[in-house]
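So the chains spell out like this:
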Amino acid sequence: MTETLFEKIIKKDIPADIIYEDDISIVIKDINPQAPTHLLIIPKKVIPKLSDANQEDQAILGHLMLVAGKISRQLELDDTFRLIVNNGAKAGQSVFHLHLHLMSGRVLNWPPG
Ligand code: 5GP
């Protein structure tokens, strides 16, 4: 199977601005930020979409949420951020390796477009 962009970033085959890394996840700056802080929280396990995750991924999915909270505290985001998962091309997903967008630093309107 062809490697996704994020697998190449995880393997350090291509560079990224890495904010955080542990055994389960990596957090990088989005190359095309849509907010002053726009990070991608990425599991190291290849899960193409959230809807592909199953029971065995429960700990990974929980971990990603905890990392979001940890990063928000480390970056002092004033307890104000939004997490987004685009699931499927029609929902805006362009890289088919599960990731959470963490956005902060501006007013985030509701509902999102
Ligand atoms: P998606 O559209 O799949 O929800 O999100 C993919 C994100 O990856 C987009 O926000 C896009 O800007 C970001 N992205 C695409 N290519 C690169 C890259 O080479 N490096 C980084 N850091 N982000 C990328």
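Reference entry: report on the structure contained in this document. By convention here, each chain's residues receive numbers from 1 onward along its written sequence. Whole-chain, interface and lining totals are the exception, using all residues; otherwise, since this is a predicted model, local features are given only for residues with pLDDT of at least 70 and side-chain atom pairs are given and counted only at 80 or more. Excluded from the side-chain calculations are hydrogens and water; all other atoms, namely the structure's heavy atoms, are used.

Digging into the nonpolar core
Judged by nonpolar contacts, the single largest core of 13 residues is most densely connected at Val 27, Ile 41, Val 67, Ile 71 and Leu 102. Of all the secondary-structure elements, those providing two or more residues to this core are strand E3 (37-43), helix H2 (58-74) and strand E5 (100-104). At four residues, the largest contribution of residues to this core is made by H2. Note on terminology: a nonpolar core comprises buried Ala, Val, Leu, Ile, Met, Phe, Trp, Tyr and Cys residues joined through side-chain atoms within 4.5 Å. Burial status follows relative accessibility: with a 1.4 Å probe on protein chains alone, a residue under 20% of its type maximum counts as buried, one over 50% as exposed, and anything between as partly exposed. The way it works is that DSSP assigns letters per residue, a run of H or I at least four long becomes a helix, a run of E at least two long becomes a strand, and they are numbered from the N terminus.

A look at the site of the ligand
Whether a residue is near a molecule or strand depends on its heavy atoms: if one lies within 4 Å, it is near. Every one of the 15 residues lining the ligand counts as a neighbour, but Lys 29, Asp 30, Gly 92, Ser 94 and His 101 are closest to it. Two N or O atoms count as a polar contact when they lie within 3.5 Å, although within protein this holds only if one can serve as hydrogen donor and the other as acceptor, and sequence-adjacent residues are included solely when both atoms are side-chain atoms. One of the side-chain N or O atoms of Asn 86 is found 2.9 Å from an oxygen atom in the ligand. For accessible areas, the Shrake-Rupley method is used with a probe of radius 1.4 Å. Any residue's cover is judged against the shown protein chains and nothing else. Burial of the ligand by the protein chains amounts to 82% of its free accessible area of 520 Å². If you list the elements that add at least two residues to the shell around the ligand, you get helix H1 (5-10) and strand E2 (25-29). As a working rule, the residues Ala, Val, Leu, Ile, Met, Phe, Trp, Tyr, Cys and Pro are called nonpolar, Asp, Glu, Lys and Arg charged, and the rest polar, with Gly in that last group. The residue inventory of the shell around the ligand, partitioned by class, reads six nonpolar, seven polar and two charged.

What to know about the sheet that holds E5
Neighbouring strands of a sheet are bound in pairs by backbone hydrogen bonds; such pairs are parallel or else antiparallel. DSSP calls a pair of strands paired once it identifies at least 2 bridges connecting them. Strand order in the open sheet made by the five strands is E1-E2-E3-E5-E4, with antiparallel pairing throughout. At either margin of the open sheet sits one strand with a lone partner, and together these are strand E1 (18-21) and strand E4 (82-84). Averaged over all pairs of adjacent strands, the angle between strand axes in this sheet comes to 20°, irrespective of strand direction. With three bridges connecting them, E1 and E2 associate as antiparallel partners. Bridge pairing in E2 links Ile 18 to Ile 28. Note on definitions: a residue-residue contact is assigned when non-hydrogen atoms from the two residues lie within 4.5 Å. Between the N-to-C directions of two axes lies an angle of 0 to 180 degrees, each axis being a line fitted to C-alpha atoms and, for a helix, fitted only over the stretch in contact. Sitting on the sheet, H2 is in contact with E1, E2, E3, E4 and E5, with an inclination near 150° to E3.

Quick notes on the pattern of salt bridges
When a carboxyl oxygen of Asp or Glu is within 4 Å of a side-chain nitrogen of Lys or Arg, the pair counts as a salt bridge. Scanning the model with the defined rule gives seven salt bridges in all. Of the charged contacts, one joins Lys 44 and Glu 21 as a salt bridge, the two residues approaching to 2.8 Å between their closest N and O atoms. Here Glu 21 lies in strand E1 and Lys 44 lies in the loop between E3 and H2, a separation of 23 residues in the sequence. Given a relative accessible area of 34%, Glu 21 falls into the partly exposed group. A salt bridge links Lys 49 to Asp 52; its shortest N-O distance comes to 3.3 Å. Residue class for Lys 49 comes out partly exposed when judged on its relative accessible area of 22%. Linked through salt bridges whose partners overlap, the residues forming this network are Lys 12, Glu 21 and Lys 44.

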